[in-house]
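Analysis of the macromolecular model
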Amino acid sequence: MRLAILFSGRGSNLNAILARTFFKATVEVCITDQPQAKGIEVVKHYAKPLIILEKQEQQTKADYDAALIAILQSLNIDLVVLAGFMRTLSAEFCEVFAGKCINIHPSLLPKFKGLHTHERALAQQEQEHGCSVHFVTKELDGGPLMLQAKVPVFSSDTVDTLSERVLKKEHYLLPMAIQMLAIGEILWSNNEVLFNGVPLHGRPAYEL
Ligand code: GRF
């Protein structure tokens with residue numbers, strides 16, 4: 001399985017992926033939309049191919065996504081991994097890569113889609129919080145779940161302590177999801193996620 005990792009920021013999930021060796025999967029390219037992203041140093045550290053694809057002022061979203069699709073197709077990418085990629089992807093992109101694009105999100109989806117998940121979990125006095133890996137569809141953070149990991153929320157928590165606790169789980173969960181897809185333990189078929197051949201019906205394969 002040929003992987004592309006897309007990122008926009010510090011790249012700690014990217015690092016968790018590049019630090020791993022996968023059975024039946026290799027990282028073919030890392031792509032960022034942010035020329036200043038800290039994750040670029042991570043890519044250099046592991047000497048992986050890097051493409052900086054910045055959105056040009058005159059470029060429409062559709063044009064940008066078309067350029068991204070063209071790159072991924074030219075490299076015969078089988079799985080696109082969004083590791084903190086902060087652009088929403090067009091319906092066309094989601095269609096082309098249906099079942100071949102996953103994202104890590106720092107909440108127990110379907111709770112807290114979108115941004116500032118840790119702030120919102122604290123404000124709502126959640127007892128538990130966590131992260132999810134899901135397939136990407138045109139509904140923001142709304143695609144079918146693959147895996148989730150939970151952490152407790154303590155009354156003494158701040159956004160920093162809680163996000164750090166969740167991030168540790170993210171670094172475990174995203175590589176695990178990649179490995180499960182690479183060996184075919186989970187797959188997307190006819191708009192349904194199958195775990196060892198059994199439909200998940202919107203529930204994650206594992207809740208860790
Ligand atoms: C992570 O919290 C991830 O869940 C979210 O964006 C953040 C990226 O962090 N999608 P990093 O760049 O991987 O450190």
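So, a few notes on the structure that sits alongside this text.

Rules of the game
- Residues numbered from 1 in each chain as written.
- Predicted model: local features only at pLDDT ≥ 70, side-chain atom pairs only at ≥ 80, totals over all residues.
- Heavy atoms only, no water.
- Helix = DSSP H or I, 4+ residues; strand = E, 2+ residues; numbered from the N terminus.
- Rg over C-alpha atoms; globule rule 2.2 N^0.38 Å.
- Buried < 20%, exposed > 50% of the residue type's maximum accessible area, 1.4 Å probe, protein only.
- Contact = heavy atoms within 4.5 Å.
- Areas by Shrake-Rupley, 256 points an atom, 1.4 Å probe, with all protein chains shown as cover.
- Lys, Arg positive; Asp, Glu negative; His and termini not counted.
- Charge placed at Lys NZ, Arg CZ, Asp CG, Glu CD.
- Pairing = 2+ DSSP bridges.
- Near = heavy atom within 4 Å.
- Polar contact = N/O pair within 3.5 Å; in protein donor to acceptor, adjacent residues only side chain to side chain.
- Nonpolar A, V, L, I, M, F, W, Y, C, P; charged D, E, K, R; others polar.
- Axes fitted to C-alpha atoms, helices over the stretch in contact; angles between N-to-C directions.
- Salt bridge = Lys/Arg side-chain N within 4 Å of Asp/Glu carboxyl O.

1. Describing the overall build of the chain
For the chain, the helix and strand inventory stands at six helices and 11 strands. Compactness check: the chain gives a C-alpha radius of gyration of 17 Å against a globular reference of 17 Å for 208 residues, within 12% of the reference. In the chain, buried positions account for 49% of the 208 residues. A separation of at least 24 residues holds for 62% of the contacts in the chain among residues at least 6 apart in sequence. For the chain, the accessible surface area stands at approximately 10,400 Å², while carbon and sulfur atoms represent 51% of it. Side chains of the chain give 20 positive and 22 negative charges; the mean places of these two sets differ by 4 Å.

2. What to know about the sheet that holds strand E9 (residues 192-195)
Taken together, the three strands give an open sheet; going across it, the order is E8-E9-E10, and neighbouring strands pair in antiparallel fashion. At either end of the open sheet lies a strand with only one pairing partner, and these are strand E8 (186-189) and strand E10 (198-199). Relative to E9, E8 is paired through four bridges, and the arrangement is antiparallel. Considered in E9, the bridge of Ser 189 is made with Glu 192.

3. Describing the site of the ligand
All residues adjacent to the ligand are Arg 10, Gly 11, Ser 12, Asn 13, Gly 84, Ile 104, His 105, Pro 106 and Glu 170. In this structure, Gly 11 approaches the ligand through a main-chain N or O atom, which is 2.8 Å from an oxygen atom. Contact distances for the ligand include 2.8 Å between an oxygen atom and a backbone N or O atom of Asn 13. Along the lines of polarity and charge, the residues of the shell around the ligand split into two nonpolar, five polar and two charged.

4. Re the sheet that holds strand E4 (residues 79-82)
The eight strands lie next to each other as E3-E2-E1-E4-E5-E6-E7-E11, forming an open sheet whose pairing is mixed. Strands at the two margins of the open sheet, each flanked by one partner only, are strand E3 (50-52) and strand E11 (206-207). In the packing of helix H3 (residues 61-74) onto the sheet, contacts are made with strand E1 (2-7), strand E2 (26-32), E3 and E4, and the angle to E2 comes to roughly 160°. Against the sheet, helix H6 (residues 159-182) touches E1, E4, strand E5 (101-105), strand E6 (128-135), strand E7 (145-152) and E11, its axis set at about 155° to E7.

5. Things to note about the environment of Ile 178
As for its position among the elements, Ile 178 is in helix H6. Of the residues examined, Ile 178 reaches a relative accessible area of 0% and is grouped as buried. Residues Ile 178 and Asn 191, spaced 13 residues apart in sequence, show a C-alpha to C-alpha distance of 19 Å. Every residue in contact with Ile 178, bar those within four places of it in the chain, is listed here: Leu 3, Ile 17, Phe 22, Val 81 and Ile 102.

6. Let's talk about the pattern of salt bridges
Applying the stated criterion across every chain yields a total of six salt bridges. We note a salt bridge from Glu 128 to Lys 150, for which the minimum N-O separation is 3.6 Å. Of the two residues, Glu 128 sits in strand E6 while Lys 150 sits in strand E7, which places them 22 residues apart along the sequence. Among the residues examined, Glu 128 registers a relative accessible area of 40% and is labelled partly exposed. Residue Glu 207 is joined to Lys 150 by a salt bridge in which the shortest nitrogen-to-oxygen separation is 4.0 Å. One end of the pair, Glu 207, is in strand E11; the other, Lys 150, is in strand E7, and 57 residues separate them in sequence. Owing to a relative accessible area of 46%, Glu 207 belongs among the partly exposed residues under this scheme.

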